[in-house]
Amino acid sequence: MEKIKLETSKSGSELVLETLKSLGIDTIFGYPGGAVLPLYDAIYSFEGIRHILGRHEQGCVHEAEGYAKSTGKIGVAVVTSGPGATNAITGITDAMSDSVPLLVFTGQVAIAGIGKDAFQEADIVGITMATTKYNYQVRDTADIPRIITEAVHIATTGRPGPVVIDLPKDVMAKEVDFYYDTTVNLPSYQPTIVPNELQIKRLLKQLSKAKKPVILSGGGVNYASATKELLEFAERYQIPVVTTLLGQGTIATEHPLFLGMGGMHGSYAANIAMTEADFLINFASRFDDRLTGNPKTFAKNATVAHVDIDPAEIGKIISVDIPIVGDVKKTLEMLLAEPLIKNKTDKWLERVTENKRRVRSYDKKERVVQPQAVIERVGELTKGDAVVVTDVGQHQMWTAQYYPYKNERQLVTSGGLGTMGFGIPAAIGAKLANPDKEVILFVGDGGFQMTNQELAILNSYGIPIKVILLNNHSLGMVRQWQESFYDGRTSESVFTADNEPNFQLLAEAYGIKHYKFDNPESLDQDLEVIKENIPMLIEVDISRKEHVFPMVPSGKSNHEMLGVKFHA
């Protein structure tokens, strides 16, 4: 291994920062502690990297996720050893589930103390073995540039994911006069980018025979920046498009070929189309259970093509007839480069479009503010162009259903892990990454209370996110399931005035402008306050009994939706 000689000796901490800067990383989120003091001492005088001090390690990792999800760039977080590292596990696991490129540095006790139950020691390498794409523990200071370069490469290529680097305190403090070559050479890690050309031709041949084709657009289309190619392919062959939750924004909500989100809280048109399809083309979705419902009956009449850069996902849930391993953007480019085939979808488009027209939206009520109305109005005020962040729960599904998306990477949410508390820090990360874009956060009163300490940094860093708290005084999705499937026994899911804080006073404590609205007649005008470019909390008291519909009960087939309302 080639050694690179340094002109002057440098500490491991200096090598960490210089390597990050050389890789184009300019923002890190972190929280100091004893084991990472050498690194923070270096940060004190280092120029070229902005450090954002979160208020909890979970918040720091979610902030890095929001930064990464909204841009495609790698998100970077730094936490200390022991509880600092274990506090970060939820964010790391969330990133693993949603394929988020993330680099998390965890402090560690000095090498001599490892394995001896030293103060604030935790086996973070062992703990994160199942929740990372890869992890390292640095034992030689000279390895730092090489390991960081490899880690960034692994996190951002193939199927993106989180990588943890565990840094013992003495490794960071030690000075060296050389480091090892940073050329990436990983023979065992060679993701397939270019798909098999014969499989491309098979897909098009099947498409030429299909009478009821459907495109399923997953989060990987967003991550690969392949929305332009997806739209061109769908329009070329006039194929209706269903998205997953993380696939929102890959085709504009208003596009005539868009049928809606599919799955448990998907649209009637989307779920019926997947049920009746004779050819389903899955672009970069992993066929998760919230999408498929009962996998035995999912798209049971369809030939299935599945495009995914991760071969482990193909055939894992749904049997696949045409497997295509490769980058989804490259796959679409190759499909578009092939000669035009003949296919006819006129009658099919008439049917799926009629299914869209048949369904009524939510029932308008005069006496209470409805969450759907709030989201629709915010969509109007932002012209459908905001970066939309959600926490997890009912409001997340309403936001997926009612905001008018039109851009890739526009929805930043926790999909696979469903992490309550994701919203506030992720919105902070998204805004820091996109200072020129409006960032709107929809959050429930349950998730808000899990990470609201991150509000403390809005004013100190000038982060004008708009936090829209849809307050139904309950753990809404839990309550909905209890009312629907547990005979209405709302066990420990409803908040009262005695066990829920005054959110207006909480915002006051953090020095954030705050509003509270509960009048449906003045709602449209009230919400215009979001036009002001300052951090703010907008609490909206919403209907306490509103359910998210449609809904596919757990274990049922997608066509067995509850709560679908048709026009008379």
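Named according to an unreviewed UniProt entry, the protein is Acetolactate synthase originating from Streptococcus massiliensis. Taken verbatim from the UniProt record of the protein, the Catalytic activity (unreviewed entry) comment is "2 pyruvate + H(+) = (2S)-2-acetolactate + CO2".

1. A few points about the overall build of the protein
When its secondary structure is counted, the protein shows 23 helices and 20 strands. Over its C-alpha trace the protein gives a radius of gyration of 24 Å, about what one expects of a compact globule, namely 24 Å for 568 residues. When its C-alpha atoms are laid out on the principal axes, the protein stretches across 75 × 65 × 40 Å. At a minimum sequence separation of 6, the contacts of the protein that also span at least 24 residues come to 75%. Put simply, the protein has 57 plus and 69 minus side-chain charges, and the middle of one group is 8 Å from the middle of the other.

2. Observations regarding the sheet that holds strand β6 (residues 134-137)
With parallel pairing, the six strands of this open sheet are ordered in space as β3-β2-β4-β5-β7-β6. Edge positions in the sheet fall to β3 (50-53) and β6, since each of these pairs with one other strand and no more. Strand-to-strand, the axes of this sheet are offset by a mean angle of 20°, without reference to chain direction. Where β6 meets strand β7 (residues 162-168), four bridges bridge the pair, whose relative direction is parallel. Bridged to Y134 within β7 is V163. Contacts between helix α7 (residues 144-156) and the sheet are confined to β5 (102-108), β6 and β7, with β7 contributing the most and set at about 165° to the helix.

3. Regarding the domain arrangement of the protein
Domain assignment breaks the protein into domain 1 (3-180), domain 2 (197-360) and domain 3 (371-542). Here domain 1 and domain 3 have C-alpha centroids that lie 30 Å from each other. With 25 residues of domain 1 at the interface, the matching set in domain 3 holds 26 residues. Interface of domain 1 and domain 3: buried area, both sides summed, is about 1,900 Å²; carbon and sulfur atoms make up 60% of it. A per-residue breakdown of the area domain 1 buries against domain 3 is headed by R55, K69 and S70, which together make up 27% of the total.

4. Re the side chain of S70
Relative to the helices and strands, S70 resides in helix α3 (residues 57-71). The class of S70 is buried, set by a relative accessible area of 6%. Looking at S70, its side chain comes within polar contact range of the main-chain oxygen of G66, at 2.8 Å. A polar contact is formed between the side chain of S70 and the side chain of N434, at a distance of 2.9 Å. S70 has contacts with V387, R409, V412, A430, A433 and N434, leaving out every residue within four places of it along the chain.

5. A few points about the sheet that holds strand β11 (residues 258-261)
In spatial order, the strands read β11-β10-β9-β12-β13-β14; together these six strands make up an open sheet with parallel pairing. Looking at the sheet topology across the chains shown, the edges are occupied by β11 and β14 (322-325). For this sheet, the mean inter-axis angle between neighbouring strands, taken without regard to orientation, is 15°. Of the strand pairs in this sheet, strand β13 (residues 303-308) and β14 are connected by four bridges, and their pairing is parallel. Looking at the pairing, A305 lines up with I322 of β14. Most of the contacts of helix α9 (residues 197-209) go to β14, to which it runs at about 140°, and overall it touches β9 (213-217), β12 (279-283), β13 and β14.

6. Quick word on the packing of α3 against helix α18 (residues 423-433)
Two quantities define a packed helix pair, namely the angle between the helix axes and the distance between the axes. Between α3 and α18, the least distance of the axes is 6 Å, while the angle of their chain directions is 45°. As far as their axial angle goes, α18 and α3 are oblique. The way α3 lies across α18 gives a crossing that is right-handed. Residues G59, H62, E63, G66, Y67, S70 and T71 of α3 pack against P425, A426, I428, G429, A430 and A433 of α18. Considering only residue class, the contact of α3 with α18 consists of six nonpolar, six polar and one charged.

7. Section: unusual backbone geometry
The phi torsion of most residues other than glycine is negative, and most of the peptide bonds are trans. At the junction of F549 and P550, the peptide bond is cis and its omega measures out at -5° in the coordinates. For P550, the position within the fold is in the segment after β20 (536-541). A positive phi angle, close to 65°, is found at A284, a residue other than glycine. By the element assignment, A284 lies in the loop between β12 and α13 (289-292).

8. So, helix α12 (residues 268-276)
Because the α-helix completes a turn every 3.6 residues, residues three or four places apart line up on one side. A large share of α12 lies buried, amounting to eight of its nine residues. Those residues of α12 that are buried lie in contact with β9, β10 (241-243), β11, β12, α13 and α15 (346-358).

9. Examining the nonpolar core
In terms of nonpolar packing, the biggest core is built from 52 residues, with F233, L280, F283 and V328 touching the most fellow members. Looking at which element gives the most residues to this core, the answer is helix α14 (residues 328-337), with five residues. If sequence neighbours within four positions are ignored, L280 has contacts with V214, L216, M274, F287, F298, A299, A302, T303, V304 and A305. A68, V100, V439 and I463 belong to the second-largest nonpolar core, a separate cluster that totals 42 residues.

10. Observations regarding the packing of aromatic side chains
On inspection of all chains with the given rule, the structure shows twelve aromatic pairs. Between the aromatic rings of Y403 and Y405, the centroid separation amounts to 5.2 Å while the plane-to-plane angle is 55°, which identifies the pairing as tilted. Arranged with centres 5.2 Å apart and planes meeting at 85°, the rings of F448 and F503 form a pair that is edge-to-face. Here F448, found in helix α19 (residues 445-451), pairs with F503, found in helix α22 (residues 503-509); they are 55 residues apart in sequence, far enough to count as distant. Accessibility assignment for this pair places F448 and F503 in one class, buried. Of the aromatic side chains, those joined through ring pairs into one cluster are F233, Y237 and F283. Its end group placed over the ring of F178, K3 keeps NZ or CZ at 4.5 Å from the ring centre. In this structure, K364 is placed above the aromatic ring of Y362, and the distance from its NZ or CZ to the ring centre is 4.1 Å.

Here is what the cut-offs are and how they apply
Residues numbered from 1 in each chain as written. Predicted model: local features only at pLDDT ≥ 70, side-chain atom pairs only at ≥ 80, totals over all residues. Heavy atoms only, no water. UniProt positions renumbered as here; feature names shortened; annotations may be inferred. Helix = DSSP H or I, 4+ residues; strand = E, 2+ residues; numbered from the N terminus. Rg over C-alpha atoms; globule rule 2.2 N^0.38 Å. Contact = heavy atoms within 4.5 Å. Lys, Arg positive; Asp, Glu negative; His and termini not counted. Charge placed at Lys NZ, Arg CZ, Asp CG, Glu CD. Pairing = 2+ DSSP bridges. Axes fitted to C-alpha atoms, helices over the stretch in contact; angles between N-to-C directions. Domains from an automatic or database assignment. Buried area = accessible area lost by both parts, 1.4 Å probe. Buried < 20%, exposed > 50% of the residue type's maximum accessible area, 1.4 Å probe, protein only. Polar contact = N/O pair within 3.5 Å; in protein donor to acceptor, adjacent residues only side chain to side chain. Parallel < 35°, antiparallel > 145°, perpendicular 65-115°, else oblique. Left-handed = near helix turned anticlockwise from the far one by under 90°. Nonpolar A, V, L, I, M, F, W, Y, C, P; charged D, E, K, R; others polar. Core = buried A, V, L, I, M, F, W, Y, C linked by side-chain atoms within 4.5 Å. Phe/Tyr/Trp six-rings, centres within 6.5 Å; stacked < 30°, edge-to-face > 60°. Lys NZ or Arg CZ within 6 Å of the ring centre and 35° of its normal.

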